[in-house]
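# Chains, contacts and geometry: an overview
Below are the chains, spelled out letter by letter.
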Amino acid sequence: MTATLTKATGPSSTEPPSGGAAQPSRRVSADLERSLTEAARAMLRLGVPQSALPEGVSIDRAGYWLLVRASERAPVRLSDLAECVELDLSTVSRQMRDLLASGLMVKVPDPHDGRASLLSLSDRGRAVLEAVSEARRDLLAEAMDDWTDEERGALAGGLSRLSAGLQHTRDAREETR
């Protein structure tokens, strides 16, 4: 199966013809929405390849996601991390307790507020994050084995653009509330 990415150059069949230049369709097809949903579900089902984990380390999808987000923001307060992943503080607290107990995260006092703590990945946590990320990239590479570098690049660029557009739309809608 060869994946082909194409760009629409004219109005969609659901748009009435216009007298001027073709306008990009603001409608999203059911096929596109369904395809994105299926791709997101497939990525979630990949989970954490247990073969990528060192002996004695166990981490689930939620823990992996917290490692990813903490690596992007560290050092970070637990409340800020919970807000970032859009989960209740108590939920993130329980997950973080497991990551701290397994030595994947470290907690240090906040130098600006002695009552608070800051969280960061430990050296072991960074190694686990990289091993799991690499295993997931290998799975993606296998799934896209018959894609050209150009097709992979186009998908990466398109998904980045979509992500930014979704975030912009969400932010704009939250501002009007």
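Everything in this summary refers to the structure shown in the same document. (Residues numbered from 1 in each chain as written. Predicted model: local features only at pLDDT ≥ 70, side-chain atom pairs only at ≥ 80, totals over all residues. Heavy atoms only, no water.)

## Let's talk about unusual backbone geometry
Selection criterion: Helix numbers and strand numbers start at the N terminus; a helix is a DSSP run of H or I with at least 4 residues, a strand a run of E with at least 2.
With omega at -5°, the peptide bond leading from A74 into P75 counts as cis. Along the chain, P75 falls in the loop between α2 (61-73) and α3 (78-85). Phi at E86 is positive, roughly 60°, even though this residue is not glycine. One can find E86 in the loop between α3 and α4 (89-101).

## Concerning a negative patch on the surface
To keep things clear, this is the line we draw: Two joining distances apply to patches: 9 Å for like charges and 5 Å for nonpolar side chains (Val, Leu, Ile, Met, Phe, Trp, Tyr), and every residue must have over 30% relative accessible area and no salt bridge. Per-residue accessibility takes into account occlusion by the displayed protein chains alone, with areas from the Shrake-Rupley method and a 1.4 Å probe. Salt-bridge detection follows one rule: a side-chain nitrogen of Lys or Arg within 4 Å of a carboxyl oxygen of Asp or Glu. Think of it this way: Lys and Arg go in the positive column, Asp and Glu in the negative one, and His and the chain ends go nowhere. Here the site of a charge means atom NZ of a Lys, CZ of an Arg, CG of an Asp or CD of a Glu. When accessible area is computed with a 1.4 Å probe and restricted to protein chains, residues below 20% of their type maximum are described as buried, those above 50% as exposed, and intermediate ones as partly exposed.
A surface patch of like charges, here negative, comprises E134, D138, E142, D145 and D146. A residue is classified by how much of its surface remains accessible, and E134, at 42% relative accessible area, is partly exposed.

## Structural notes on the pattern of salt bridges
Within the structure shown, the criterion is met by 10 salt bridges. Between D110 and R77 there is a salt bridge, and its shortest N-O distance comes to 3.1 Å. With D110 in strand β1 (residues 105-110) and R77 in the loop between α2 and α3, the pair connects residues that are 33 residues apart, well separated along the chain. Residue D110 is classed as buried on the basis of its relative accessible area of 8%. Residue classification places R77 among the partly exposed positions, given a relative accessible area of 29%. Across the pair D113 and R115 runs a salt bridge whose closest N-O atoms are separated by 3.0 Å.

## What about the pairing of β1?
Quick reminder of the rule: Here, strands pair whenever DSSP counts at least two bridges between them.
Where β1 lies against strand β2 (residues 113-121), six bridges are found, and the strand directions are antiparallel. The residue bridging D110 from the neighbouring strand is D113, located in β2. Counting the residues in the hairpin turn of β1 and β2 gives two residues.

## What to know about the nonpolar core
Threshold: Throughout, nonpolar core names a set of buried Ala, Val, Leu, Ile, Met, Phe, Trp, Tyr and Cys residues whose side chains join them through atoms within 4.5 Å. Residue contacts are defined here by distance: any two heavy atoms, one from each residue, within 4.5 Å place the two residues in contact.
With 23 residues, the main nonpolar core has I59, L67, L99 and M105 as its most contacted residues. Elements with a minimum of two residues in this core: α2, α3, α4, β2 and α5 (123-143). Counting residues per element, this core draws most heavily on α2, at five residues. With sequence-adjacent residues up to four places away left out, M105 is seen in contact with L67, A70, M96, L99, L100, L119, S120, L121 and S122.

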